[in-house]
Every structure is written in structure tokens, then in C-alpha cells.
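Observations on the three-dimensional arrangement
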Amino acid sequence: MAMLNAVGVAGILLGYGERILQFTALNLLISGLLAMAFDWNQRSWLWWLAILGGWGAECLGVQTGLLFGHYAYGHGLGPKFAGVPLILGSLWFVMLLGFGHWAGIWVARFGWTPRTRKMMTAIVAATWMMVLDVFIEPVAIQAGWWNWNGIDVPWTNYASWWGLAFLFHLVPKTSTESRGAGILVLIFAAFFILLNTFQWTA
């Protein structure tokens, strides 16, 4: 998967963005399936909470303007229902479980009580997820994945990303370990950071 994304970034930077970005939905689908396969014996109910919860939040956002602000999806992310690409559930799944995995590892280094550890894991994971969204937005807008009814991305978008991720990580769970999603979220982060660092065209 790392190699696939590396080739994708290289191709986009070399001027083949229009062709390569057509496979974004497929890439997200494969990513989600790989994460599930890697952690097949762990908390499948949590997968569905992340997928359906994230996708449902997007539906609410698109239809009402609540949570994230007024925005609409383009055609680059595959089939849509209620104005939201179905593949968005996979993105939410990978990001929520992936950042939860790394936040859980980091927080475990400190000698906090279980309650404090859980709270800090939620805060750290939500913050990392919000920071990545700062890098996702310029790429998504330039690629035509979605657009905002205004020039700038509203602060409510970032606040809602943080809030939803925070609430998700407060859900009772026996472990935050999701190695598959953890690896993929690092690949995603590298992908979007590189496309924010260098100039490219869609």
C-alpha cells in the first residue's frame, strides 16, 4: 500500500494527476479492506461504528450545513447516496481507528489512571485527526473531491472533525490497537503532506 501511494504521489507531481486521482475511491476501498484484514479478529463492531457513524455525519453535514459547514461533493470519489460518496465511510474508518491506535500507544507511556488515559487518548487522537484534515482540505478542493460555498474552509469543519473523533474515542473498548489502520493512516499523512509541499495540477 505504501508503494501504491508513493507511485500515486510521484505520478501526480509529474503531471498525471487527472488520471491518477480517478482511482481515489478504489484506493480508499482497498485501504479499508486491508485494515480490516490485518485486524480481522479485533472489534468488528467498532469498524461499523466508525464507517456508519462517519458516513452518517457527512450526510447530516451535506444535507443541512450543520457540523462541518456548507459544502458539496464532486464526482471524484465514486457513487454517492444522499449527496455523500459511499467510500467516505472507509476514510473515516481508517482515520478514526488509525489515529486511535497511535494515540493509545503514546498515552500508554505515561502513568495515568485508566480514566485519564482514556480521556487523553481521545484528545490526542482527535487533535491528530484534525491536523491531518488541515492537509487534506487543499488537496481535496484542488482535486475536485468537494467544494465549499465560500473561499475559505470554515472553522466549524475542523471543530466538528475534532469533536466527532473525540466522542468516538470515548466509546468503551477493551483496546485501541488497530495496527492495520495505524499503518495506513501514516501512509495517508505522508501522501497529503507531500501534495501540500509540492506544486501539482489535477
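Provided above is the structure to which this section pertains.
The text that follows walks through the structure, step by step, so that each part is easy to find. Predicted model, so just to flag it, every value in this text is computed and none were measured. (Residues numbered from 1 in each chain as written. Predicted model: local features only at pLDDT ≥ 70, side-chain atom pairs only at ≥ 80, totals over all residues. Heavy atoms only, no water.)

**Looking at helix H5 (residues 114-143)**
The condition is simple: Helix numbering and strand numbering both begin at the N terminus, where a helix is a DSSP run of H or I of at least 4 residues and a strand a DSSP run of E of at least 2. For a helix, the expected span equals 1.5 Å multiplied by the residue count minus one. The reported bend at a residue is simply the angle between two axes, fitted to the 7 residues ending at it and to the 7 residues beginning with it.
Here H5 spans 42 Å end to end across 30 residues, near enough to the 44 Å set by a 1.5 Å rise per residue. Its axis deflected by about 30° at Ile136, H5 carries its strongest bend there, up to four residues before the proline Pro138. Gly144, located one to two residues past H5, shows a positive phi value of around 80°.

**Examining the environment of Leu46**
Going by this rule: Exposure is judged per residue with a 1.4 Å probe applied to protein chains only, and the accessible area is read against the type maximum: over 50% gives exposed, under 20% gives buried, and values in between give partly exposed. Any two residues having at least one pair of non-hydrogen atoms within 4.5 Å are treated as being in contact.
Along the chain, Leu46 turns up in helix H3 (residues 44-64). What makes Leu46 buried here is its relative accessible area of 2%. Spatially, the C-alpha atoms of Leu46 and Leu34 are 16 Å apart, while their sequence positions differ by 12 residues. Discounting chain neighbours no more than four positions away, the residues touching Leu46 are Leu97, Phe168, Val171 and Lys173.

**Some points on a nonpolar patch on the surface**
To be explicit about the condition: Note on patches: the residues involved have over 30% relative accessible area and no salt bridge, like charges join within 9 Å, and the nonpolar side chains Val, Leu, Ile, Met, Phe, Trp and Tyr join within 5 Å. With residues, only the protein chains shown are counted as cover, and all accessible areas are computed by Shrake-Rupley using a 1.4 Å probe. Between Lys or Arg on one side and Asp or Glu on the other, a salt bridge is scored when a side-chain nitrogen of the former is within 4 Å of a carboxyl oxygen of the latter.
Taken together, the side chains of Phe23, Leu26, Leu29, Ile30, Leu33 and Leu34 present a nonpolar region at the surface, about 540 Å² in accessible area. Among the structural elements, Leu26 can be located in helix H2 (residues 24-38). Here Leu26 falls in the partly exposed class, since its relative accessible area comes to 45%.

**Remarks on the packing of helix H4 (residues 88-107) against helix H6 (residues 155-168)**
The test is simple: In this description, a line fitted to the C-alpha atoms serves as the axis of each element, helices being fitted only across the stretch in contact, and the angle between N-to-C directions of two axes falls anywhere from 0 to 180 degrees. Crossing handedness follows the turn of the near helix against the far one: under a right angle anticlockwise gives a left-handed crossing, and clockwise gives a right-handed one.
Orientation of H4 relative to H6, taken along the N-to-C sense of each, is 65°, at an axis distance of 10 Å. Once H4 is placed against H6, the crossing between them reads as right-handed. Taken together, the residues of H6 that come into contact with H4 (itself represented by Trp92, Met95, Leu96 and Leu97) are Trp161, Leu164, Ala165 and Phe168.

Without other data, these values stay purely geometric and don't point to any function.
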